[in-house]
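Understanding the architecture of this molecule
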Amino acid sequence: MDSEDDMHDANDVDSYEEDYYSGDAMYSDDDDDAGYEFLHNDSDDSDDVLISRQQKNFTILKEDDIRQRQEDDITRICSVLSVSRDSACMLLRRYNWNVSNVHEAWFANEDKVRKAVGLLDKTTYKPTKARELPCGICFESYLLDKISTAACGHPFCNTCWTAYISTSINDGPGCLTLRCPIPSCGAAVGVDMVNMLTSDEDKTKYQRYLLRSYIEDNRKTKWCPAPGCDCAIEFDLGSGSYDVTCHCSYSFCWNCTEEAHRPVDCETVSKWIMKNSAESENMNWILANSKPCPKCKRPIEKNQGCMHMTCNPPCKYEFCWLCLGQWSDHGERTGGFYACNRYESAKQEGAYDESERRREMAKNSLERYTHYYERWATNQSSRQKALADLHQMQTVHLAKLSEKQCQPETQLKFIIEAWLQIVECRRVLKWTYAYGYYLPEQELAKRQFFEYLQGEAEAGLERLHQCAEKELNTYLNEDGSQDEFNNFRTKLAGLTSVTRNYFENLVRALENGLADVDAHGASSKTSSSKNAAGTSKAKGTKGKGSIRGRTDDSTGWSCDQCTYMNSKNATSCQMCHNSR
Amino acid sequence: MANSNLPRRIIKETQRLLSEPAPGISASPSEDNMRYFNVMILGPTQSPYEGGVFKLELFLPEEYPMAAPKVRFLTKIYHPNIDKLGRICLDILKDKWSPALQIRTVLLSIQALLSAPNPDDPLSENIAKHWKSNEAEAVETAKEWTRLYASGA
Ligand SMILES: [Zn+2]
Ligand SMILES: [Zn+2]
Ligand SMILES: [Zn+2]
Ligand SMILES: [Zn+2]
Ligand SMILES: [Zn+2]
Ligand SMILES: [Zn+2]
Ligand SMILES: [Zn+2]
């Protein structure tokens, strides 16, 4: 029982960075306390990127940076090996642009390296005294000035060279290892000949391949997979988390190049993506943007990011987009447990014959997948919406609000922070559904703990999203009083930090494989009142321990105004000073 | 006429193929299309194809010599690198093609392939398997096919 305090309870935020929201720190220009910083993209400051201040283990390279690095490496090889730029380029490409590997190989056995790359010693080529030479491709004879050769001296006319090199360039990146047309020769044809003999268009393509090779053949660099982005990321191998965020604000996993998927591992992500494409035909309907109102049956369109739907008047029924349940059942005021995230398979009662059971199982397995997929996909689109809203906020609304409320934009940063948090939380939440799908059903304790954490995080996020989306709107459209706006500020900033805390708990718990469950036998703590009431068919549930529900007076109380979870001996809300 | 602007190289190659043919190989252009060649290759001695006369077609695409000629067996042949449509698995006809190679070199390479089948780089999976599991028997089948389908006439 005493282990209760050891558990990472998502509600337990009393001691969370007091000074973050209690003092003036968060409104100052000094971002240090926030633990986050804004990077300004020099082209457009709406591309603010949230960069976690944990040690950055990657470097973003823009196209110019890449060229510069490539240039530097080539120059280094030129001077150390005393070879031409053309040769240095081919050597580097051969050794995957690793300067020290080139050095090592070259000084270990220069002849072997020359042979492998096709760098002949110029001295082996004896110039001819003839005035004309036959071209080895078109068989015509040409004056020497119309003939070119690689280091080997095999003569081909310039027209044939142009066609030869151009064919190779248009065939793909293989052009970077082009050799003399005589198959037994092997002399390299490098950038010098390309520049001398091909069209501007082909030169550009060749340069492009060279640049790509610099990133793609290098073990430490990868392109940012975002469409239209030309940046690459250099990653410090063996330095922990693979999540990286590019200048373009796209976050992805450096290891598998899928979008960032903490806290889920790469393997789960690839399984999930395969599953999704296998089931895509069955799932199309989920991506539809409207559902019938569960009460009046009229279709209602989802045009906001949060899951709280309100049907059009006169119906005005409030329900949850995901489970179509009444919204008030999801609220913190019911004392209920946010349970919309949990999959409950259809009850299997009565006698089944074998074929019926099979059919039922097939139906259930699709139903189960549908449950997780829908939540995954909806959080994804919700995130897209939040990104668009964030952008809108940065480019239009902030200035407007600053004017209406007579406050400098720097004082409104809390709104941007809220939106950045929403975007990040939607991403995490989305992946927790892939996690949940693959969490073995028989690991009951883990499942319950997971669903509890996920439910808490999700409920927190819904509150935050709704506050940033709907409540903020009122201040954009009418002039609320200064006081009201300040209350709103406190609430939104509070929700932002509380939600961040929920999600940090969730990510931490999932990343260590819900190990706390094994360590503390947490199943007793995660069985909610709802659970005990019998919606779960859980067999071995202990079901006795009480969870720190929001209305549980023994551990704390939830603020009526801002929903912040206060410690039990606080007489007024720590967040908004509303009295209990 | 389609043949009027035939590149000098093709004309020269054709002349040489006709005037000094490689041993065991004949190639002559079709009358109405100088880019299309009727080819005959004699089965090399000491190979399962010995005594056979194999007909092939060879076509020089517009991009020739920057692109490889297209060659195909017309005579049925039991060989791990040749499939039942007569297509040939030979590196110089694909990625190892170079404009410095010629029709003559291609045909000599095909002739060499008949002497040295390579079941490790198969085009015909079944024949290659046969070749690897029981070479003697596969060679017998190849001889049989040579008698049946390539006995000249
Ligand atoms: Zn030429
Ligand atoms: Zn050469
Ligand atoms: Zn990018
Ligand atoms: Zn990954
Ligand atoms: Zn309705
Ligand atoms: Zn719901
Ligand atoms: Zn409060």
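The written sequence of each chain sets the order in which its residues are numbered from 1. All chains are assigned letters beginning at A, and all ligands numbers beginning at 1, according to the order in which they are written. Whole-chain, interface and lining totals are the exception, using all residues; otherwise, since this is a predicted model, local features are given only for residues with pLDDT of at least 70 and side-chain atom pairs are given and counted only at 80 or more. Calculated side-chain values reflect all of the structure's heavy atoms, with hydrogen atoms and water omitted.

1. Concerning the overall build of chain B
Segments assigned H or I by DSSP are reported as helices when at least four residues long, segments assigned E as strands when at least two residues long, and all are numbered from the N terminus. Secondary structure assignment for chain B yields four helices and four strands. Overall, chain B shows an N-to-C arrangement of helices and strands of α-β-β-β-β-α-α-α. Here the term buried applies to any residue with accessible area under 20% of the maximum for its type, exposed to any over 50%, and partly exposed to those in between, with areas from a 1.4 Å probe on protein chains only. The burial tally for chain B puts 48% of its 153 residues in the buried class. Any two residues whose heavy atoms approach within 4.5 Å at even a single point are treated as in contact. Taking as baseline every contact in chain B between residues at least 6 positions apart, the subset at least 24 positions apart corresponds to 54%.

2. Some points on the coordination of the zinc ion (ligand 4)
Residue and element names in this part refer to chain A. Protein ligation of the zinc ion (ligand 4) involves C253 (SG), C256 (SG), H261 (NE2) and C266 (SG), the donor distances falling in the range 2.0 to 2.3 Å. Sites may look incomplete, because water is not among the atoms used; the donor set itself consists of N, O and S atoms within 2.8 Å of the metal (3.2 Å for Na, K and Ca). In these descriptions, tetrahedral denotes four donors with every angle between 85 and 135 degrees, square planar four donors and octahedral six donors with opposite donors over 155 degrees apart and the rest between 65 and 115, and irregular any other case. Classification of the site at the zinc ion (ligand 4) rests on its four donor atoms, whose angles at the metal span 106 to 116°, yielding the label tetrahedral. Each donor residue of the zinc ion (ligand 4) lies on one chain, and together they are spaced C-x2-C-x4-H-x4-C.

3. Digging into the sheet that holds strand 2 (residues 36-42) of chain B
Hydrogen bonding along the main chain pairs the strands of a sheet, whether they run parallel or antiparallel. All names here are of chain B. Strand order across the open sheet formed by four strands is 1-2-3-4, with antiparallel pairing between neighbours. Where the open sheet ends on each side, the last strands, each with one partner, are strand 1 (25-29) and strand 4 (70-73). Put simply, the sheet's adjacent strands are angled 20° from each other on average, direction ignored. As paired elements, strand 2 and strand 3 (residues 53-59) share seven bridges and run antiparallel to each other. In the strand pairing of strand 3, I41 is matched with F54. By the convention used here, strands pair only if DSSP detects at least 2 bridges between them. Only C-alpha atoms enter the line fits that serve as axes; for helices the fit covers just the stretch in contact. Angles between N-to-C directions range over 0 to 180 degrees.

4. Thoughts on the interface of chain B and chain A
Facing eleven residues of chain B, the contacting portion of chain A comprises twelve residues. Here the quantity called buried area is the accessible surface, traced with a 1.4 Å probe, that two parts lose on coming together, added over both. Buried area between chain B and chain A, summed over both chains or domains, comes out near 930 Å², and the portion from carbon and sulfur atoms is 68%. For salt bridges, the criterion is a side-chain nitrogen of Lys or Arg within 4 Å of an Asp or Glu carboxyl oxygen. Linking chain B with chain A are one salt bridge, by the criterion used here. R8 of chain B is the partner of E140 of chain A in a salt bridge, and the nearest nitrogen-oxygen pair spans 2.8 Å. A 3.5 Å cut-off defines polar contacts: any pair of N or O atoms within that distance qualifies, except that in protein one atom must be a possible hydrogen donor and the other a possible acceptor, and neighbouring residues in sequence count only when both atoms are side-chain atoms. Our enumeration of links across chain B and chain A arrives at four residue pairs in polar contact (both at pLDDT 80 or more). Gly falls in the polar group here, along with every residue not listed as nonpolar (Ala, Val, Leu, Ile, Met, Phe, Trp, Tyr, Cys, Pro) or charged (Asp, Glu, Lys, Arg). By residue class, the composition of the side of chain B that touches chain A is five nonpolar, two polar and four charged.

5. A look at the environment of C157 of chain A
Position of C157 of chain A relative to the elements: it lies in strand 7 (residues 156-157). Among all residues touching C157 of chain A, those that are not within four sequence positions of it are C135, C138, Y142, K146 and I147 of chain A.

6. Remarks on the pairing of strand 1 of chain B
Residues and elements named next belong to chain B. Burial along strand 1 is one-sided: I25, A27 and P29 are buried, while S26 and S28, pointing the other way, are not. When strand 1 meets strand 2, the two strands line up antiparallel, connected through five bridges. Considered in strand 2, the bridge of I25 is made with I41. Between strand 1 and strand 2, which pair antiparallel in sequence order, lie six residues.

7. Some thoughts on the UniProt feature "active site" (unreviewed entry) in chain B
UniProt positions are given in the numbering used here, feature names are shortened, and annotations may be inferred rather than shown by experiment. Sites flagged by UniProt as "active site" (unreviewed entry) map to C89 of chain B. When neighbours within four sequence positions are excluded, C89 of chain B is seen to be in contact with N81, K94, L113, D121 and L123 of chain B.

8. Thoughts on the nonpolar core
All names here are of chain A. With 58 residues, the main nonpolar core has W272, I415, W419, L492, F503 and L514 as its most contacted residues. Counting residues per element, the ones that place at least two in this core are helix 9 (266-278), helix 11 (354-404), helix 12 (413-438), helix 13 (444-477) and helix 14 (482-511). Looking at this core element by element, the count peaks at 16 residues for helix 12. Residues contacting W272, with those up to four places away along its chain left out, are Y369, Y372, Y373, W376, W431, A434, Y437 and Y438. By convention a nonpolar core is built from buried Ala, Val, Leu, Ile, Met, Phe, Trp, Tyr and Cys residues, the set being connected through side-chain atoms within 4.5 Å. Residues I77, A88, V102 and A232 belong to the second largest nonpolar core, which totals 53 residues.

9. Focus: the sheet that holds strand 8 (residues 221-223) of chain A
All names here are of chain A. Spatially, 3-9-8 is the arrangement adopted by the three strands of the open sheet, whose pairing is antiparallel. The open sheet has two free edges, formed respectively by strand 3 (58-61) and strand 8, since each of these has just one partner strand. Across the sheet, the mean angle separating the axes of adjacent strands is 25° when strand polarity is ignored. Alignment of strand 8 against strand 9 (residues 232-235), held across three bridges, turns out to be antiparallel. Considered in strand 9, the bridge of W223 is made with A232. Sitting on the sheet, helix 2 (residues 63-81) is in contact with strand 3, strand 8 and strand 9, with an inclination near 100° to strand 3. Sitting on the sheet, helix 8 (residues 200-216) touches strand 8 and strand 9, and the angle it makes with strand 8 is about 125°.

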